[in-house]
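Structure assessment
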Amino acid sequence: MMKTIFIGGLLLLATICWAQEGPEVFRHGKLDNGLTYYIRQSSLHNGTADFYLVQNVGALMEEDNQNGLAHILEHMAFNGTVNFPNGIQGFLKRRGVNRFNAYTGQDETVYHIEQVPVAAQGLVDSCLLILRDWSGFLLLDPKEIDKERGVILEERRTTRDLGIRMQEKASPYIYNGSKYAVHDIIGRVNILENFTPAELRAYYQDFYRPDQQAVIVVGDVEVERIEQQIKGLFGPIAKRVNPKPRLVYDIPDCDTALYYVAIDKEVPSSTISVMQRFKEEPPTSLKEMMRTNLVRTFYNNMVSKRLKQYIDIESPAFMGASVNYGKLLRHYNTYNIIIKPFPGKDRKAFRQLMEQLTIINRYGFTPEELAEQVKNYRKQLSETEEFKDKLSNSVYVTIYQNNFLQGNPLTSVEEDIALSKEILDSLSLEDVNRWLKTWQGETKNRLFLLDGNSVDYPYLTKADFLGMIDSIRREDLKPANYELEEVPLLDFEIPKGQIVKTREVKAIGAEEWTLGNGCRVFFKQTDANRGRVSILGESYGGKSLLKAEELPSAEALESLLLRSGLYKHNHRMMEKILKPYNVSINMHLGETTEGVSGSAIVEESELLFQLMWLMFEKPRFDRDDFDKFIVLSKMDIRTKEVDPMLEVDKKVQQIRMKESPRLWDTHTEEFFDAMNYDTMTRLYRERFGDASDFVFYMVGDLPKEEAKKLVEHYLGSLPSLYRKETYQLHDLRREGSHKADIEADMPDDKYMVNIEFGNHLKMTPKDELCLDILQRILQDRYNAEIREEQGGSYGVSVESSASVFPVRKQFIGVSFQSSLEKGPQMRGLVHKAITGLQELGVEDEEVEDIVLFMKKGRRNMLENKDISYWMETMRSYVDSGKDFSAPAYFEKIIDKIDGKQVQAFAKKFFQDAECTDIVIKSKKQD
């Protein structure tokens, strides 16, 4: 994994673009017909490029009787064009390109094809031709349109979850009755069912035109050649005469505060949102825009830190809160305050949070707080400067889009960094306070928005909010001092251990070190992730060795270990100690293993080992933290009692699993009552108290001799009991096949299919590849039949897996959502397709297309052997003695697999596979 890179523009919501690197790297221009283009040579992903068509028109340009047509066009773009009459998807997939998609917004529509191999110039030519066809040459076949109606209606029904329903209720208030409030991107049902092909084509002709479009190509390309191709392909497109205007819609101001309570029975708990909208004025200069965006970023960070300190120390009347000044829409910003009060504590929670924000607004931030933000940002700029040649394609695409859609200026990377440093040199608290004054005193365009699940709940009124805000402004509030003293992580010497045995692991180019305390370390040096190192340690046992009554305490252990800090340092102290460093650590207690993991930049490797040593030897548990965790968890359980899916989950578990005291219902207060502080701390000592039972894997850009010293010093000094544990198998799964229909109190006519096939075959490498191919074949067939032909679902997901630990098993799962009307038929098609595949077989061409894609993925994996790749390679080699990256497991097999072999494997897998066929469906309304 490449180091995370930040640049001034990126951190500021990608509002800055750079483009002046030189004509051999970047080309930007506009054709006579108005089409804009951006071409950027990027070496991050050698041998590939990304292709985008950006349309400066979205759903907001539709008339009322056209609502949904922009989104329909997005779908139809893949269903047939002048040069690709049989569709885009099949053409790209047959050539190993599987990353392509599109999205429709209120103000724009964007199409993209990613990770296209550029070695085949014909494929590059075809992708540019696809962009041209998308720009204005869709076939819009009436038969294809009718097929797509069902898909769109399924998408609409499928995506109408709680979030969408609450958004629909709140939009008239958030957008104050403007077109943004009443225009739905996905469209209204009556329009989707009844629009004519002529109406769709009319909208297409009105707005899909060169003056509203941009072509973006970023990747390993010759920019001059791509530029000439764009000119040749797009230049002849006629400039539109008397085009329909591309309107800009405003949101009207509101002098008095708006107020709304949104009720939905699925809302887990009451939420208070306070929003204020601000029209964004165009900046007078690039420097002003960057300075303003930087101040906003720092403000959000500093407020977030203040609130976290307040919550950690004061234990307020809310479960969580957030404050953010950010983007609402193009040309509009919003100041958002969100509070999740404890049940019945709404008034107290709102007052507490507003008091803290009033203190911030009245007294501002401290020089130390701003200095911390500046320091962190300078560090990010340095990383950007170091890795400026490794910026991802998506970064360039985003900033070019913002230049085209919003008119943000283009600068070079060097200019952006230099200007950012110049701004940081002069940035002061006065700048932050001056920015605050530009909007803090404003009272227009405020909205008090409340979410809840019952009309009987005592919601705060508009008068309550306004009264408390006025009262708080007149209070004599003083800022609290939450600062911590500087303390060292360690105040003692850790004794050194010793490596007693070294063994070369030639197959994977690694070494094994056995320490005097019995633990083993496998080390692989690689610079794939330049300047980083990762470590993982794990041991057999896990929760499988615990008694049933101890399992709740084990769950508390995972939640609380790092929450309570390490050694003498509580969580806040640990945050302060680690703030300047790029180090992360974690622990897990799984069913069959327990482990620790962490990563760091190479210069901070010793700190990583010190933290890991403390996790083993000096864990910190706090009874007050434990008691608070129990109380908050129970409150959370009470807020989720309205979730109808909890009861569904119980029924599904009863179908899948045997009755057992080990199967706790984690959504009950009884589960948290069973947690015991003393049991929790004892379990940690038992699971993590024996180093001899651990195997560590260490991968990264760390010199071997330095790695040895750190391993000896820290891992070698861990105590050992010299026991050799294994795990216990608790097979709680019900054997055999099961079929069930479960009704749930869900809105919107849902029919949720989940069909799983499981087996326990002894698999060969060829079988494993056939399983992968079979999964992809089923994925394509189900989407072609259930989605495209039948319009029975927005999309079908097919997953597969094969494992040997802790037991040998294989799995194929099919899941999708349909309607009550179409669902039973779609469910039947799943089984029908599997029967047909076994009886009628698989075409060799179908297998060849998938093999091509798999070979491409294999090449990418072998060309980019990063830390995660080597970590998994070492783990699997230690467990099995096999190097699964060797040609014997792929290259020597893959080209010999044909349709008959896939069919044979399908018969072997499905003929005695267990099938769990469960449908969760909405209750029929009377």
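One structure accompanies this document, and this report is about it.

The rules we used
- Residue numbers run consecutively from 1 along every chain, following the written order of its sequence.
- Only residues with pLDDT of at least 70 get local features here, since the model is predicted, and only at 80 or more are side-chain atom pairs given and counted; chain-wide, interface and lining totals rely on the full set of residues.
- For side-chain calculations, the full set of non-hydrogen atoms in the structure is used, while hydrogens and water are omitted.
- In the sections that follow, a salt bridge refers to a side-chain nitrogen of Lys or Arg positioned within 4 Å of a carboxyl oxygen of Asp or Glu.
- In this description a helix means any DSSP run of H or I spanning at least four residues, a strand means any run of E spanning at least two, and both kinds are numbered starting from the N terminus.
- The buried label applies to any residue whose accessible area, calculated with a 1.4 Å probe on protein chains only, is under 20% of its type's maximum; exposed applies above 50%, and partly exposed to all values in between.
- By convention a nonpolar core is built from buried Ala, Val, Leu, Ile, Met, Phe, Trp, Tyr and Cys residues, the set being connected through side-chain atoms within 4.5 Å.
- Should any heavy atoms of two residues lie within 4.5 Å, those residues are counted as being in contact.
- Here the axes come from fitting lines to C-alpha atoms, over the contacting stretch only for helices, and the angles between their N-to-C directions go from 0 to 180 degrees.
- Each angle receives one of four descriptions, namely roughly parallel if under 35 degrees, roughly antiparallel if over 145, roughly perpendicular if within 65 to 115, and oblique otherwise.
- By the definition used in this description, the sense in which the near helix is turned from the far one sets the handedness, with an anticlockwise turn below a right angle giving left-handed and a clockwise turn giving right-handed.
- Between N or O atoms, a polar contact is any pair within 3.5 Å; within protein, one atom must be a potential hydrogen donor and the other a potential acceptor, and residues adjacent in sequence are included only when both atoms are from side chains.
- Two strands form a pair only when DSSP identifies at least two bridges running between them.

**Some remarks on the pattern of salt bridges**
On inspection of all chains with the given rule, the structure shows 69 salt bridges. When the shortest N-O distance is used, the salt bridge between Glu148 and Arg787 registers 3.8 Å. Taken together, the residues span a long stretch of sequence, with Glu148 in helix H5 (residues 142-159) and Arg787 in helix H26 (residues 765-789) at a distance of 639 residues. Across this residue pair, the class does not change: Glu148 and Arg787 are buried. Across the salt bridge formed by Arg209 and Asp211, the nearest N and O atoms sit 2.8 Å from each other. Here Asp211 falls in the partly exposed class, since its relative accessible area comes to 31%. The network of salt bridges with common partners includes Arg160, Arg165, Glu168, Lys169, Asp264, Glu266 and Asp748.

**Remarks on the nonpolar core**
Phe51, Leu92, Ile113, Trp134, Leu200, Val215 and Ile230 are the most contacted members of the largest nonpolar core, which totals 73 residues. For this core, the element with the highest residue contribution is helix H4 (residues 121-136), accounting for seven residues. Excluding its chain neighbours within four sequence positions, the residues that come into contact with Trp134 are Leu53, Ala77, Phe78, Thr81, Ile88, Tyr111, His112, Ile113, Tyr204 and Tyr208. Counting residues in each nonpolar core, the second largest holds 63 residues, with Cys519, Met574, Phe621 and Phe696 among its members.

**Quick notes on the packing of H4 against helix H10 (residues 223-234)**
Viewed as axis vectors pointing N to C, H4 and H10 meet at an angle of 40 degrees, and their least axial separation amounts to 10 Å. Classified by the angle between their axes, H4 and H10 sit oblique to one another. The two elements H4 and H10 meet at a crossing, and its hand is right-handed. Contact with H4, carried on its side by Gln121, Val124, Asp125, Leu128, Leu129, Leu131, Arg132 and Ser135, involves Arg225, Ile226, Gln229, Ile230, Leu233 and Phe234 of H10 and no other residues of that element.

**Comments concerning the side chain of Ser564**
Within the secondary structure, Ser564 sits in the loop between helix H18 (551-560) and helix H19 (571-578). At 3.0 Å, the side chain of Ser564 forms a polar contact with the side chain of Asp625. Beyond its immediate stretch of four places on either side in the chain, Ser564 contacts His569, Asn570, His571, Arg620, Phe621, Asp622 and Asp625.

**Description of the sheet that holds strand E6 (residues 213-219)**
Strand order in this open sheet of six strands is E1-E2-E6-E3-E5-E4, and the pairing throughout is mixed. The open sheet is flanked by strand E1 (26-30) and strand E4 (99-104), the only strands paired with a single partner. Sheet twist, expressed as the mean angle between neighbouring strand axes with direction ignored, is 10 degrees. Of the pairings in the sheet, the one linking strand E2 (residues 36-41) to E6 comprises six bridges and is parallel in character.

**Quick look at the pairing of strand E23 (residues 914-922)**
Along any regular strand, the residues point their side chains to alternate faces of the sheet. With respect to burial, E23 is a largely interior element, seven of its nine residues being buried. The pairing of strand E19 (residues 738-744) with E23 spans seven bridges and is classified as parallel. What sits directly across from His738, in E23, is Thr916. Sheet analysis places strand E20 (residues 750-759) next to E23, joined by eight bridges and oriented antiparallel. Looking across to E23, one finds that Tyr751 is bridged to Lys921.

**Quick word on the pairing of strand E21 (residues 796-803)**
Looking at chain direction, E21 and strand E22 (residues 809-819) are connected through eight bridges and run antiparallel. Opposite Ser803, over in E22, you have Lys809 as the bridge partner. Once E21 ends, the chain turns through five residues before running back antiparallel as E22.

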